Amino acid sequence: MRRGWWLAGFLGLWAVLASAQEELPSLAVESLSGKTLQLPADLLPRPQLLIVGFSRDSREQTEPWMRRMTGTRGKVAASVRQVVVLDVPVLLRGFIVSRIRSAVPQPMHARSLVASTDIDAWKRITGFDAQDEDAAYLLLLDAQHRVIWRGRGPWSRDTEAELLAALGAAASPPSGIARVDTRARELMQREGVNGLALAVIDDGRVTYVASYGYRNVEKALPLTPDTIMYGASLTKTAFAYMVLQLVEEGRLDLDTPIAELLPQALPEYEAFADLADDERWRQLTPRMLLSHTSGMANFRWLEDDGKLRFHHDPGTRYGYSGEGYYILQLVLEEGLGLDVGAEMQTRIFDRFGMRHTSMQWREDFADNLADGYALDGSMEPHDERSRVSAAGSMDTTIADQARMWAAIVRGDGLDKRSRAELVRPAWPIGSRHQFPTLDPAEDARNRDIGLAAGLGLVVFEDDSGPAFFKGGHNEWTGNIVVCLETGRRCAVLMSNDVRAERIYPQLVTEILGETRMPWRWEYGWLDAGDDDDPS
C-alpha cells in the first residue's frame, strides 16, 4: 500500500527556494546506458534539474515531470535527468535495474540514472520524507552545482512556474556573457574558424561554458562542451602543478641538480645521448626545466641536424623548450620511480573531477572527439596519442579545462607557499616573441609589465594586479588561458582550428576587459602586423 497520500493531499506540493545554497555532495550513479558517473564531477557547469524517485510507485510522479521538462513544451535551459534511488538488497539490484531499463524508452537511457549507494546522502539533499516516499523529489542546481530550489510532488502548473522562475534566474548568463556569445560567433565567421570552446571563471568558480561550430565539418558533427580536444601545451601547466605537489611532499626539490636525482648520467639514456660531450646537463634543475631556462631548443627536430644541444648555459636565458619537460619527466620516472601518466590522473584529473581527460588515448574518447583544421582549412584527424608526454599529450574537454583552471586559480591541492611558487617570477623574459625560441631580439616593453617565466606558465603585471597565462598550439590547434589573480578570474579558450588564435585577443578582452596581456609576445605574427600567419 502506498503511503503519504493523505499528507500530500493536506499539504499539497512542497517547494521552497533553498535558504542557504548547498553544493551537491559527491554521489555515485550509473546511467541506464551503462556509464558510471560521479556527481557533480560529471555534470557540465550549467543548470541541472534532477527528478528523483525513491520507490517503484514514484514513477507516477517522476515520469510526468520528465515528459514535461524534456518535451517540446518544456524547453528549459538545464540538463534534465531522472534518478532512481534503490534502497534494496544487493541481490535484487540487478533484477530491478533490468526491469527499469526495459520500462524506460531507449532514447532516455542516458538521462536516466540509478543510485544504489549514498542512499542517506540522497535522502538528505532532497529533503526526503518517509511519509511521502512515493513522491517525485526535484533538485535544481545552478552552474556551480549548488542546490537553489527543491520541490516535491506531482506536476502542476503552479509548481512548474515556480521551478522555471528559479531556473530562469540560474540560467541567466553572467553580465556581459550574451555579448561574448555574439562576439564569438561574429569573429568565428569573420576568420572562418570551424570550432571554438570557451569557459569563464569568476571568483575561482566556473560561471559559463560554451561551444560553437563543429568538431568535424565534413560530417557536420557539432563541437560540444564534452567533446575531446587536444590540450597541447596546456599540459605543461598541469604537469608543473603536479610536480609542485611532489615538492610539497618533500619528494623533490626544485633546485637540486638532476645529476643528483637520476640513477645514471643523463646522456646514458638513449634519448639524450646527444649531450654526452657537454657536461652542462649537470647544471639543470627542475626549476630551470619548468621555467624554460634549460638552454635548449624547443624540440631537437627543429635543429638542422636533428640533434639535441645547448644554445645557452642553463639558467641564463628564457627559451621555450619542450625538451626540458621530457627531461623532467625522465627524472620523475627514473629517479623517483613514478608513472607520470598515473600521477597526473590521480593528482590532477581525478582530484579536480576531470573525468574526460587523460595523458594518453582512451577508447571511450572515440565517439566524441575533435578533428583539427589548419590555416588553409585542411582537416587533420585527431591523433590517438599512446605515449604520455609532459610537454603536451593531454586529451581533454573545455568543461574539464574549466574545472582545472578554476582549481589552479583557487590553489586547490597545494598549500599557499607551493601555489605561490607556481606564479613566482622564476626568470625575466626579454625576448621580443615567444617563437622562434632562439631569436636573440629583445623587447624593452616586457619590463613594463614584468613579463617572466613562472613554472609551466608565464606571469605578468596587469593593471589589476598579478596575472598569468598559458597557450597551447600546433598546426591544427589553438588554446589560450589568461587569468587575473585579483578576483580569481580566467578566460579559457580552446579550438580545433588554429585560425581561432586570430580572434583570441578580442575574445579575452570581451571576457576580462582590457588587460596588459602581451599578445604581441605570444603571437609574433600579431606584432609584425601579419594577419595571415598565426603559426
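Check the entry above for the structure.
Residues numbered from 1 in each chain as written. Predicted model: local features only at pLDDT ≥ 70, side-chain atom pairs only at ≥ 80, totals over all residues. Heavy atoms only, no water.

A. Broad picture of the overall build of the chain. Secondary structure assignment for the chain yields 16 helices and 21 strands. The globule rule puts the C-alpha radius of gyration for 535 residues at 24 Å, and the 26 Å found for the chain is close to it. Dimensions of the chain, computed from C-alpha atoms along their principal axes, come out at roughly 85 × 50 × 45 Å. Looking at the chain residue by residue over its 535 residues, the buried ones come to 56%. Counted over contacts in the chain with a minimum sequence separation of 6, partners at least 24 positions apart contribute 70%. Distance between charge centroids for the chain: 7 Å, based on 59 positive and 78 negative side chains. (Helix = DSSP H or I, 4+ residues; strand = E, 2+ residues; numbered from the N terminus. Rg over C-alpha atoms; globule rule 2.2 N^0.38 Å. Buried < 20%, exposed > 50% of the residue type's maximum accessible area, 1.4 Å probe, protein only. Contact = heavy atoms within 4.5 Å. Lys, Arg positive; Asp, Glu negative; His and termini not counted. Charge placed at Lys NZ, Arg CZ, Asp CG, Glu CD.)

B. How the structure looks around unusual backbone geometry. Omega for the bond connecting Leu-39 with Pro-40 falls within 30 degrees of zero, at 5°, which places this linkage in the cis form. Mapped onto the elements of the fold, Pro-40 is located in the loop between β3 (36–39) and β4 (48–53). Here Phe-435 and Pro-436 are connected by a cis peptide whose omega angle stands at 0°. Checked against the element boundaries, Pro-436 lands in the loop between β16 (427–428) and α13 (445–448). Positive phi is not limited to glycine here, since His-292 has a value of about 60°.

C. Seen up close, the pattern of salt bridges. Evaluated as defined, the whole model comprises 38 salt bridges. With a closest N to O distance of 2.9 Å, Asp-142 and Arg-146 form a salt bridge. Overall, the relative accessible area of 6% leaves Asp-142 in the buried class. With its nearest N and O atoms 2.9 Å apart, the salt bridge here joins Arg-280 to Asp-313. (Salt bridge = Lys/Arg side-chain N within 4 Å of Asp/Glu carboxyl O.)

D. Representation of the packing of helix α7 (residues 234–248) against helix α9 (residues 322–335). Orientation of α7 relative to α9, taken along the N-to-C sense of each, is 35°, at an axis distance of 12 Å. The two elements α7 and α9 cross, and the hand of that crossing is left-handed. Two secondary-structure elements touch here, α7 through Lys-236, Phe-239, Met-242, Val-243 and Leu-246 and α9 through Gly-322, Tyr-325, Leu-328, Gln-329 and Leu-332. Residue composition of the contact of α7 with α9, by class: seven nonpolar, two polar and one charged. (Axes fitted to C-alpha atoms, helices over the stretch in contact; angles between N-to-C directions. Left-handed = near helix turned anticlockwise from the far one by under 90°. Nonpolar A, V, L, I, M, F, W, Y, C, P; charged D, E, K, R; others polar.)

E. Broad picture of the side chain of Lys-470. Here Lys-470 shows up in strand β19 (residues 465–474). Buried charge without a salt bridge: Lys-470, with Glu-522 as the nearest opposite-charge side chain at an N-O distance of 6.4 Å. A polar atom in the side chain of Lys-470 sits 3.0 Å from the side chain of Tyr-320. If we skip the residues at most four places from it in the chain, Lys-470 touches Ser-233, Leu-234, Lys-236, Thr-237, Tyr-320, Trp-405, Gly-456, Leu-457, Asn-479, Ile-480 and Val-481. (Polar contact = N/O pair within 3.5 Å; in protein donor to acceptor, adjacent residues only side chain to side chain.)

F. View of the pairing of strand β21 (residues 489–495). Most of β21 is tucked away: six of the seven residues are buried. As defined by bridge partners, strand β20 (residues 477–484) adjoins β21 across seven bridges and the pair is classed as antiparallel. Along β21, the bridge assignment pairs Cys-483 with Cys-490. Taken together, β20 and the strand that follows it, β21, pair antiparallel across an intervening segment of four residues, in which Gly-487 is found at a positive phi of about 85°. (Pairing = 2+ DSSP bridges.)

G. Highlighting the packing of aromatic side chains. Inspection of every chain in the model, using the stated rule, returns 14 aromatic pairs. Taking the centre distance of 5.9 Å and the plane angle of 55° together, the rings of Phe-239 and Tyr-325 count as tilted. Pair noted here: Phe-239 is in helix α7 and Tyr-325 is in helix α9, with a separation of 86 residues, a long-range link. Taking the relative accessible area as the measure of exposure, Tyr-325 reaches 0% and is therefore buried. On the numbers, 6.0 Å between centres and 40° between planes, the contact of Phe-299 with Tyr-326 is tilted. Here Phe-299 is found in the loop between α8 (286–290) and α9, whereas its partner Tyr-326 is found in helix α9, with 27 residues between them in sequence. The buried category is assigned to Phe-299, whose relative accessible area is 16%. Here Tyr-326 falls in the partly exposed class, since its relative accessible area comes to 30%. (Phe/Tyr/Trp six-rings, centres within 6.5 Å; stacked < 30°, edge-to-face > 60°.)

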